[in-house]
Amino acid sequence: MDLSDINMASDQSFIKKLTHERLKYYLTPSDHNYEAFSNIVEIGLTSKPKFLLPQYLYDEKGSKLFELITEQPEYYVTNVEISILESSVNEIADMYNEGILVELGSGNSRKTKVILNALFTRRDSLRYFPIDISHKILEESSEALLKEYQNLSITGVVAEYNKGITLIKKDTPSRKLVVLLGSSLGNFNPAEAKKFVKMISDNIQDGDMFLIGLDMHKDSNILNAAYNDSRGITAQFNLNILERINLELNGNFNSEKFEHHAFYNESKRRVEMHLVSKVEQEVNIRGIKEIIKFKKDESIHTENSYKFTSEQIENMIKESFQIVKIWTDKKKWYSVILMTPIK
Ligand SMILES: C[S@@+](CC[C@H](N)C(=O)[O-])C[C@H]1O[C@@H](n2cnc3c(N)ncnc32)[C@H](O)[C@@H]1O
């Protein structure tokens, strides 16, 4: 086998790349990515109010900054979720003892290792399908996992969640445990989240499982601190999207003329992240042939992170999934939920 072989996968919108006998990737062609990014920048920055989509925060630098966020003392999400996973994973692995592991938004796959370790105590080999829009982080984490787990085969899919899960459904009829951690579902508004959950249910079979981690509604001081860490890493992560536009779409944003603004919007139960223009200014983005005008204090809304109540979770999933079990921490800050699809 030629390990540097690059050819089109059966799905024409993916390129298949084999790099090792236990590692292959499905990649979205770069012109598709460019088109998708330039479209959203054009639509978002010419809308009122201005917005961008959170998945574009994760270029190579953004993904590294996100890893740093997870190490900040104020950002409790990662540690709380890992501790819940550690205490629940044996029970999960007992219930799911065959089939593949699919992870949506796998990032650096740090939490995945907790799941892999438990699955490998119950079987000799496993196929893992990480799906992430961020190419570099997916490659780096897949290569690290490949070295660490000799009996793991990895098919990485660099794509949006929906495209990735549909591809995997076509690629393999195996039983699936699909995981979505880091409260990433909270980036969708409630209607989108309900539709997304239904889409997952439609793409898996009877007996498959869906494991999801969700951040719960809590005191706004804790949430405000988590998204405004004292080292300013979340601010750098947010501002980096302007640098990405400069690099990829030939823009001339001066990120020093914008300010990170994140706050818990209690009535909408979401942390909103914005970039606020410190001055009146014009920005030229050649890739979209637009000059974007900003008034002083005008903002670009870059991300929502919805926080959940038990009732909302129940309402969001009840038409698509049946809950097998919910695990939480002592303070009830976070929930990990295992479900099976209703067919
Ligand atoms: C909040 S991070 C979570 C990473 C990891 N799962 C964790 O819990 O630490 C979200 C991850 O999902 C990826 N991502 C965000 N939106 C996505 C989308 N629409 N489709 C595919 N991947 C996405 C990002 O690149 C990033 O790696």
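Below is a summary of the structure that appears in this document. (Residues numbered from 1 in each chain as written. Predicted model: local features only at pLDDT ≥ 70, side-chain atom pairs only at ≥ 80, totals over all residues. Heavy atoms only, no water.)

## Structural notes on the environment of Asp297
Among the secondary structure elements, Asp297 is positioned in the loop between strand S13 (290–294) and strand S14 (299–306). Take Asp297: its relative accessible area is 53%, and that puts it in the exposed class. A sequence separation of 62 residues divides Asp297 from Ala235, and the C-alpha atoms of the two residues are 16 Å apart. Sequence-distant contacts of Asp297, that is, excluding residues within four places in its chain, are made with Val276 and Ser277. (Helix = DSSP H or I, 4+ residues; strand = E, 2+ residues; numbered from the N terminus. Buried < 20%, exposed > 50% of the residue type's maximum accessible area, 1.4 Å probe, protein only. Contact = heavy atoms within 4.5 Å.)

## Let's talk about the packing of helix H2 (residues 60–69) against helix H9 (residues 233–249)
What describes two packed helices is the angle between their axes and the distance between those same axes. Closest axis-to-axis distance for the H2/H9 pair is 9 Å, and the angle between their directions is 160°. Overall, the two elements H2 and H9 adopt an arrangement that is roughly antiparallel. For H2 against H9, the interelement crossing comes out left-handed. Contacts from Lys61, Gly62, Leu65, Phe66, Leu68 and Ile69 of H2 reach H9 at Ile233, Thr234, Gln236, Phe237 and Asn240. Counted by class, the contact of H2 with H9 contains six nonpolar, four polar and one charged residues. (Axes fitted to C-alpha atoms, helices over the stretch in contact; angles between N-to-C directions. Parallel < 35°, antiparallel > 145°, perpendicular 65-115°, else oblique. Left-handed = near helix turned anticlockwise from the far one by under 90°. Nonpolar A, V, L, I, M, F, W, Y, C, P; charged D, E, K, R; others polar.)

## A short note on the layout of surface pockets
A probe as big as a water molecule, rolled over the atoms, marks out the empty space that is left. As a volume, the second largest pocket reaches approximately 550 Å³. When residues of the lining of the second largest pocket are traced back to their parent elements, those giving at least two are helix H1 (30–45), helix H5 (135–148) and H9. Per element, the largest residue contribution to the lining of the second largest pocket is six residues, and it comes from H1. Taken domain by domain, the lining of the second largest pocket gets at least three of its residues from each of domain 1 (1–45 + 119–172) and domain 2 (46–71 + 220–306). (1 Å grid on protein atoms, 1.4 Å probe; cavity = no way out; pocket = protein on both sides within 12 Å on 5 of 7 lines; lining within 4 Å. Points joined across faces, edges and corners; volume = space filled by probe spheres on them. Domains from an automatic or database assignment.)

## Here we look at empty space enclosed by the protein
All told, the structure shown has one cavity of 30 Å³ or more when counted by the stated rule. By volume, the largest cavity is sized at about 30 Å³. Around the largest cavity, the lining residues are Glu60, Ser63, Lys64, Glu67, Lys136, Ile137 and Glu140. Among the elements of the structure, H2 and H5 are those that each provide at least two residues to the lining of the largest cavity. Per-element accounting of the lining of the largest cavity gives the leading share, four residues, to H2. Two domains share the lining of the largest cavity, each providing at least three of its residues, namely domain 1 (1–45 + 119–172) and domain 2 (46–71 + 220–306).

## Describing the site of the ligand
In the vicinity of the ligand there are 16 residues, among which Gly105, Lys111, Asp132, Glu160 and Tyr161 approach most closely. Within the backbone of Ile133, one N or O atom sits 3.2 Å away from a nitrogen atom of the ligand. At 3.0 Å, a backbone N or O of Tyr161 approaches a nitrogen atom of the ligand. With the chains in place, 94% of the 590 Å² that the ligand exposes on its own is no longer accessible. (Near = heavy atom within 4 Å. Polar contact = N/O pair within 3.5 Å; in protein donor to acceptor, adjacent residues only side chain to side chain. Areas by Shrake-Rupley, 256 points an atom, 1.4 Å probe, with all protein chains shown as cover.)

## Comments concerning the nonpolar core
Counting residues in each nonpolar core, the largest one holds 72 residues, and the members touching the most others are Leu211 and Ile285. Ranked by the residues each element gives to this core, the list is headed by helix H3 (residues 77–95), at eight residues. Two domains each donate at least three residues to this core, and these are domain 1 (1–45 + 119–172) and domain 2 (46–71 + 220–306). For Ile285, the residues in contact, after removing those within four places along its chain, are Val41, Leu45, Ile245, Leu249, Asn250, Gly251, Phe253, Glu290 and Ile292. Listed in part, the 34 residues of the second largest apolar core include Phe14, Tyr26, Leu180 and Ala193. (Core = buried A, V, L, I, M, F, W, Y, C linked by side-chain atoms within 4.5 Å.)

## With respect to the pattern of salt bridges
As enumerated under the stated definition, the model contains 15 salt bridges in all. The salt bridge involving Glu81 is made with Lys111; its shortest N-O contact spans 2.6 Å. On the criterion of sequence distance, the pair formed by Glu81 in helix H3 and Lys111 in helix H4 (residues 110–120) is long-range, its members being 30 residues apart. A residue is classified by how much of its surface remains accessible, and Glu81, at 0% relative accessible area, is buried. As a salt-bridge pair, Lys307 and Asp215 come within 2.8 Å of each other at their nearest N and O atoms. With Lys307 in the loop between S14 and helix H10 (310–317) and Asp215 in strand S9 (residues 209–215), this pair connects stretches of sequence that are 92 residues apart. Each of the two residues, Lys307 as well as Asp215, counts as buried. Put simply, Asp215, Lys218 and Lys307 are held in one network by salt bridges that share partners. (Salt bridge = Lys/Arg side-chain N within 4 Å of Asp/Glu carboxyl O.)

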